[in-house]
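Secondary and tertiary structure notes
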Amino acid sequence: TKNVANGDYSQKIMPRSDEDELSIALNIMVDELRDSNNKARQDSWFKTGINEFNEKLRGDHHLKTLSANALEFMMGFLHSQLGSIHIYDSENQLLKLESFSGFDPKKLKDCINLNEGVLGQVAMKKKMTILTDVPSESFVSFSSSGTYIPKNVVITPLIFNEMLVGILELSSINQYSKAEIEFIKEAAEVIAININSAINLVKTNELLQKTQEQSR
């Protein structure tokens, strides 16, 4: 009982018999306390992460800086060795590489068509894809000790008001947990909102510049 009071929920009481209702009830109570504690810790991790992410992106008005900062945070927060962010060019219907980390630059394409490869398919369907059987020729990360292949790849669309604005790709040598997948979904919405704002700012500045030129 003292261990439970101190936050140690790993202890189990061995019932003396099937009729030892007190011990059985205490074990059930400890299980419920452990589940409640785990959920509270997970909720705290989730909310803290999203708050830190929003803070990280605050004030970023340029796509290049925004994408780099978003990718840096996501990779660090979610034990990822590979990552990329592509921006969707709706006019030409292309995914344009905006930021990446861990990949061999020579093997990356600057532009990807809709439905081309896994990223293009995710963009076309606007649905997250999680890969576990990772093709070695497509996903290889580098370190001083050599190359290694991730066990898990998550590719999620960045959607704002039901419209595609980009693609986020993360890979790890460890499996992403269910909570981490949910975090990626939530963070993707944050990235999409910021990307949309950055794109609108660019369009506004271009329009303002044209208006100024015409008035001269």
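Calculation rules
Residues numbered from 1 in each chain as written. Predicted model: local features only at pLDDT ≥ 70, side-chain atom pairs only at ≥ 80, totals over all residues. Heavy atoms only, no water. Salt bridge = Lys/Arg side-chain N within 4 Å of Asp/Glu carboxyl O. Helix = DSSP H or I, 4+ residues; strand = E, 2+ residues; numbered from the N terminus. Pairing = 2+ DSSP bridges. Axes fitted to C-alpha atoms, helices over the stretch in contact; angles between N-to-C directions. Phe/Tyr/Trp six-rings, centres within 6.5 Å; stacked < 30°, edge-to-face > 60°. Buried < 20%, exposed > 50% of the residue type's maximum accessible area, 1.4 Å probe, protein only. Expected span 1.5 Å × (residues − 1).

A word on the pattern of salt bridges
Pairing of side chains with opposite charge becomes possible as their charged atoms draw close. Enumeration over the complete set of coordinates arrives at 7 salt bridges. The partner of K64 in a salt bridge is E98, with the nearest N and O atoms 3.7 Å apart. With K64 in helix α3 (residues 63–77) and E98 in strand β2 (residues 94–101), the pair connects residues that are 34 residues apart, well separated along the chain.

With respect to the sheet that holds β2
On the basis of which strands lie adjacent, the open sheet formed by 6 strands has the order β3-β2-β1-β8-β7-β4 and antiparallel pairing. Strand pairing shows two members of the sheet lacking a second neighbour, β3 (111–113) and β4 (129–131), which therefore form its edges. Looking at each pair of strands side by side, their axes are set apart by 20 degrees on average, direction ignored. When β4 meets strand β7 (residues 152–160), the two strands line up antiparallel, connected through 3 bridges. Within the sheet, the bridge partner assigned to T129 lies in β7 and is I155.

A look at the packing of aromatic side chains
In the structure shown here, the tally under the stated rule is 7 aromatic pairs. Taking the centre distance of 5.3 Å and the plane angle of 15 degrees together, the rings of F73 and F77 count as stacked. Here the residue F73 and the residue F77 both occupy positions in helix α3, the gap between them amounting to 4 residues, near one helical turn. Under the relative-accessibility criterion, F73 is labelled buried at 12%. Taken together through their ring pairs, the aromatic side chains of W45, F46, F53, F73, F77 and F183 make up a single cluster.

Some words on α3
In this model, α3 (15 residues) spans 21 Å end to end at C-alpha, consistent with the 21 Å of a helix rising 1.5 Å per residue. Among the residues making up α3, those that are buried are L63, L66, S67, N69, A70, L71, F73, M74 and M75. Positive backbone phi, at 40 degrees, marks H79, one or two positions downstream of α3.

Considering the pairing of strand β8 (residues 163–172)
Counting buried positions over the 10 residues of β8 gives 9, a clear majority of the element. For β7 and β8, the ladder comprises 9 bridges, and the chain directions are antiparallel. For T156, the partnering residue across the bridge sits in β8 and is L168. Linking β7 back to β8 in an antiparallel pair, the connection comprises 2 residues, with N161 at a positive phi of about 50 degrees.

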